Amino acid sequence: MTFAPAQSVKAILGPTNTGKTYFAIERMLAHPTGMIGLPLRLLAREVYQRCVERVGEQAVALITGEERIVPAKPRFWVCTVEAMPTDIRVDCLAIDEIQTATDFDRGHVFTDRILHARGRYETLLLGAATMAPVIRKLLPDAEIIDRPRFSQLVYAGSKKISRQPARSAIVAFSARQVYAIAELIRRERGGAAVVMGALSPRTRNAQVELYQNGDVDFLVATDAIGMGLNLDIHHVAFADDSKFDGHTSRPLTPAELGQIAGRAGRHARNGTFGVTGGTQGFDEEMVVALETHDFEPIKVLQWRNNRLDYASIPALLNSLEATSDSRTLARVPIAKDQRALEFVSRNEASKLARGLDGARLLWECCQIPDYQGISPANHGEIVTRIYSDLAKRGKVDDDWIAEQVRFCDNASGDMDTLSNRIKQIRTWTFVANRKNWLADPSHWREKTRDIEDRLSDALHERLTQRFVDRRTSVLLRHLKDKRMASPEINERGEVRLEGHLIGTLEGFRFTLARNDGDADIKSLRSAADQVVAPEIHNRADRLAGAPNEEFVLATDGRLRWKGDIVAELVEGDTLYRPRMLILADETLTGTDLERVQDRLSLWLRHHVNTILEPVMSLEAPADLEGAARGIGFQLFEHLGLIPRSQVADEVKNLDQDVRGKMRKLGIKFGAYHIYLPLSLKPAPRELALILFALKNGGIRQPGVTDIPHIVLSGRTSFVVDPEVNTRLYEIAGFKVVGKRAVRVDILERLADIIRPLIALDPTRHQGELPSGAAEGNGFRVTVEMTSLLGCSGEDFASILNSLGYRVKRTLKVAETVVPAEASAEAPALEENLSENPATTEATDEAPTEAIAAEATPAEDAAIPATTIVEASPETEATAGETASAAPAEPEYDEVWSPSGKRAETKRHESRRRPEGEARQRPERTPVKRRPEGEVQDLSKAQHLKPKPEGRVRNENRRPESQKGERAKFQQPREEKREKVFDPDSPFAKLAALRDGKAN
């Protein structure tokens, strides 16, 4: 550097927000060459970027302790004050924040630059107005230029931390206090950025950007914001007014408070300052000083001799102890570099410092910053190792520095762990940026820079995760800036704004995503509602014009539009006209809400009329009158299905013409029910179940949502749930018989199978008897029957019993089985009989007709608890092995017949006719055939009606007085009954002649 004439030195002094740094940059760029020294690496980076934008990347160099960007021919140099090269001549030189010359740790460096750093034509010293008296003493010929503040600073008093206005900076002076305040603001106000001197420059930059771009409205910082950072701060609140300066805990001076408070308000916008967090309010004198920027002037600067003696280590130490002749310059306390020099001088490494070059190299090593803040001895060990390698080998050992760097290369851990690693890697970044200290400096610069960047990014991420609710910050920013991008909504209904999950939108209801620690604040919900309001309006438009196919009514009574629930059914005035309750937030109001209600109501009416069209047509059929019209209306009232017994008298009086009209309307007269077959499909039954439930117990009662799934599964019968209302099964198209519910149409098909078996006379049938045929108006259970109903054994027997059938069980006579070669079907048949006694599984459904024939009673006893079917145990044996057969259990033949019949009513006699005698049948009157598709009304059949309670099953049972006369199981001897012949038959005439002769 060269000394310029005194008149070329200008001191630009004034409070914050006077544009001093901006003025210096403009003056520097106006010269062919220039250099500016800044107090912070962070600020140096900011100025470097600004200069690059103005003159290009190749014209600007950046030099800091941990970063060095030097193009081939730079014209402008942006540096930290400590890193300013002293051997480069420039036309304009500027030094910012010269009041830092009072700092005990680094103040002597600023003092040296004030006294000795000069530009060839212009030198600018930028700082606080309190530096004016010192400048006049040290540089009497310097021109002092006062710059007024662009805006006013006003005291705002005390407020709680949670009540601070937006765009506030809350200042504290310890990491623990900063973290606690940031956590509180996150819970109450959405989050805060954190700026501390202990953070790496990259992390501080990222946190400042978080605040500057509006992601958060609050900044929690130490006094690091008081120097050089240009932030958009409206209010500064002091959570503390004292700090630990590395030596002792002391109150902040008014000038320091003014430097920090002055960050409020930028350019022409006024700012405010105050206190918070229990800090005592400022007295009136302090307030006036801060508002007018009138502080006690600085009288003494920290100074250290810059004319060092490198002849030996003792000589170097002595030169550092030299004092100044000026009372304005106070010798700085022993700095860290001097303590490191003293440490090395006491160990073996001091013997390596030979001559001027050795002592100068040692002093350069001692100036390695102690970023970690470790003890002087530990820091001295690092300096000793580096100096020893340089003195012995000329380079720092690659293996050793690789080990140190590798230890730092770990981006996992909490905030404190990452902060410590960043401090360590900054030491090795500094070493890598020294000239000729490493064999491959470029490699290590890139390596250490990459690690520091990754650690800084990880620390920034941890700080953001802990102290910033990005979702909340984005929402709040969206309220201010309407030009922000619209929210994104995926197929799952997740609402994202700038990649952050805001909440979930289902139909017209928005659910705010909640994070751990979220405060229930109205502003957050209000912001979210405003974000989704345009989407809800668009959805209302789309729904109002949506086709019917986009709506689905679920079994729970809720209406879905494109998969989203938009409404639910509630009870209406009539069975077929329920009301529609729109499920929406308050955001859906006014015209949008009315349009949605009208569209959904219109769809619901169309849906009911379409799905239940056959039933709806019976409300007032024009072709029916009298009893037929009444039956049709009852079908309408009961959703298309009523028991036949309920209208038995009315049906009896219907003539065939009327029945034909009813059949044209889709009405079927079944054995057990009168119903509309088209209404028994799953969709009509599901809707009928919902409509019935709305009027009878509500949708939420057991069975309403479960029964439709059973209907859709195709099951023809199933075990009923005792907690479910029996009426629900009937509405769903099932009849509850015993413990099972059987589909109505399947029950009619069962009647179709049983009817011809009962009407069959085995003695007259020619050819092979059908499966299930039995004598005496009875039938045997077949696989077809059990398959149809999907049940067997006791379950099937309980169904028959509930339908009015009784079983006669006869012991089979054991027959000798002659071994024969098994047919191909034998194994399957045997397995079927063993696993499914007398039954198999269900088949498809089909409408049925009723049983219409009289039958002989099988037995007056009720159905037994279990039904035993023949099982033929066989002995299986392989070559060389034998096995004994187990004793066979008694086998029974089970014949079912309608209950209520007596032996006298048997239609089939088993007597023999004399050979050659032809059977004569009495003349019968023609019987009018029942129309196809119509079956007999079984409600009139006495043998299918349940017996009155208390009636004795077997009227021929012996009186109680005679019970002991015979053995318990001895059967009474049957009395010989006279045969009764038809009076018109020849046998009756022969019998009369025989009786006459006898008489």
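Conventions and cut-offs
- Residues numbered from 1 in each chain as written.
- Predicted model: local features only at pLDDT ≥ 70, side-chain atom pairs only at ≥ 80, totals over all residues.
- Heavy atoms only, no water.
- Helix = DSSP H or I, 4+ residues; strand = E, 2+ residues; numbered from the N terminus.
- Buried < 20%, exposed > 50% of the residue type's maximum accessible area, 1.4 Å probe, protein only.
- Contact = heavy atoms within 4.5 Å.
- Pairing = 2+ DSSP bridges.
- Axes fitted to C-alpha atoms, helices over the stretch in contact; angles between N-to-C directions.
- Phe/Tyr/Trp six-rings, centres within 6.5 Å; stacked < 30°, edge-to-face > 60°.
- Lys NZ or Arg CZ within 6 Å of the ring centre and 35° of its normal.
- Arc of directions from axis to C-beta.
- Parallel < 35°, antiparallel > 145°, perpendicular 65-115°, else oblique.
- Left-handed = near helix turned anticlockwise from the far one by under 90°.
- Salt bridge = Lys/Arg side-chain N within 4 Å of Asp/Glu carboxyl O.
- Nonpolar A, V, L, I, M, F, W, Y, C, P; charged D, E, K, R; others polar.

(A) Molecular detail of the overall build of the protein. Helix and strand counts for the protein stand at 30 helices and 34 strands. Per-residue burial over the protein gives 46% buried out of 999 residues. Taking all contacts inside the protein whose residues are at least 6 apart in sequence as the whole, residues at least 24 apart take part in 71%.

(B) Seen up close, the sheet that holds strand β26 (residues 577-582). The sheet built from four strands is open, its strands ordered β23-β24-β25-β26 with antiparallel pairing. The sheet is open, and its two borders are formed by β23 (551-553) and β26, each paired with just one other strand. The sheet shows a mean angle of 30° between the axes of neighbouring strands, taken without regard to direction. Looking at chain direction, strand β25 (residues 564-574) and β26 are connected through five bridges and run antiparallel.

(C) Geometry of the packing of aromatic side chains. Under the definition given, this model contains 13 aromatic pairs. Where Y576 meets F636, the ring centres are 4.7 Å apart and the plane angle is 20°; that geometry is what we call stacked. You can see Y576 sitting in the loop between β25 and β26 and its partner F636 sitting in helix α20 (residues 626-637), a full 60 residues away along the chain. In terms of burial, Y576 and F636 fall into one category: buried. Each ring, one from F779 and one from Y805, has its centre 5.5 Å from the other, and the planes form 90°; the classification is edge-to-face. One end of the pair, F779, is in the loop between α26 (744-759) and α27 (783-789); the other, Y805, is in strand β33 (residues 805-811), with 26 residues separating them in the sequence. Looking at Y805, the relative accessible area reads 0%, which means it is buried. One aromatic cluster is present, built from ring pairs that chain together Y155, F238, F273 and F282. Above the face of the Y211 ring, R167 is positioned so that its terminal group lies 3.9 Å from the ring centre. In this arrangement the basic side chain of R434 is found over the ring face of F430, its NZ or CZ atom lying 3.9 Å from the centre.

(D) Structural context of the sheet that holds strand β29 (residues 673-675). Strand order across the open sheet formed by three strands is β27-β29-β28, with antiparallel pairing between neighbours. One side of each edge strand has no neighbouring strand; the edge strands of this open sheet are β27 (641-643) and β28 (668-669). Here β27 pairs with β29 via three bridges, running antiparallel. Bridge pairing in β29 links P643 to H673. Packed onto the sheet, α26 meets β27 and β29 and runs at close to 125° relative to β29.

(E) Spotlight on helix α13 (residues 398-408). Of all the positions in α13, only W400, I401, V405 and C408 are classed as buried. Projected down its long axis, α13 shows its buried positions confined to an angular sector of 130°, all on one face. Opposite the buried face of α13, by more than 90 degrees, sit the exposed residues D399, R406 and F407. Residues of α13 that are buried in the fold lie against α12 (376-393), α14 (415-432) and α15 (441-467).

(F) Geometry of the packing of helix α10 (residues 336-345) against helix α11 (residues 355-366). Where α10 meets α11, the closest approach of the two axes is 8 Å, and the angle between their N-to-C directions is 125°. By the angle class used here, α10 and α11 are oblique. Here α10 and α11 pass one another in a crossing that is right-handed. Residue-level contacts link D337, Q338, A340, L341 and V344 of α10 to L362, W363 and C366 of α11.

(G) Here's a closer look at the pattern of salt bridges. Using the criterion set out here, one finds 49 salt bridges in the structure. Among the salt bridges present, the one from R54 reaches E26, with a minimum N-O distance of 2.7 Å. On the criterion of sequence distance, the pair formed by R54 in helix α2 (residues 41-55) and E26 in helix α1 (residues 20-30) is long-range, its members being 28 residues apart. Classification of R54 by relative accessible area gives partly exposed; the value is 46%.

(H) Structural context of the packing of α14 against α15. Where α14 contacts α15, the two axes come as close as 9 Å, and the packing angle between them is 160°. By the criterion of interaxial angle, the relationship of α14 to α15 is roughly antiparallel. Viewed along their axes, α14 and α15 form a crossing whose handedness is left-handed. Each residue belonging to the contact of α14 with α15 can be placed in one class, and the counts come to 14 nonpolar, four polar and seven charged.

(I) Focus on unusual backbone geometry. The backbone of E97 shows a phi angle near 55°, a positive value even though the residue is not glycine. Inspection of the secondary structure assignment puts E97 in the loop between β6 (92-95) and α3 (107-116). Take E97: its relative accessible area is 7%, and that puts it in the buried class.

(J) Region of the structure containing the environment of D241. Along the chain, the position of D241 falls in the loop between β13 (235-238) and β14 (242-244). With a relative accessible area of 32%, D241 lands in the partly exposed category. For the pair formed by D241 and F173, sequence separation is 68 residues and the distance between their alpha carbons is 8.3 Å. Aside from chain neighbours lying at most four places away, what touches D241 is P251, L252 and T279.

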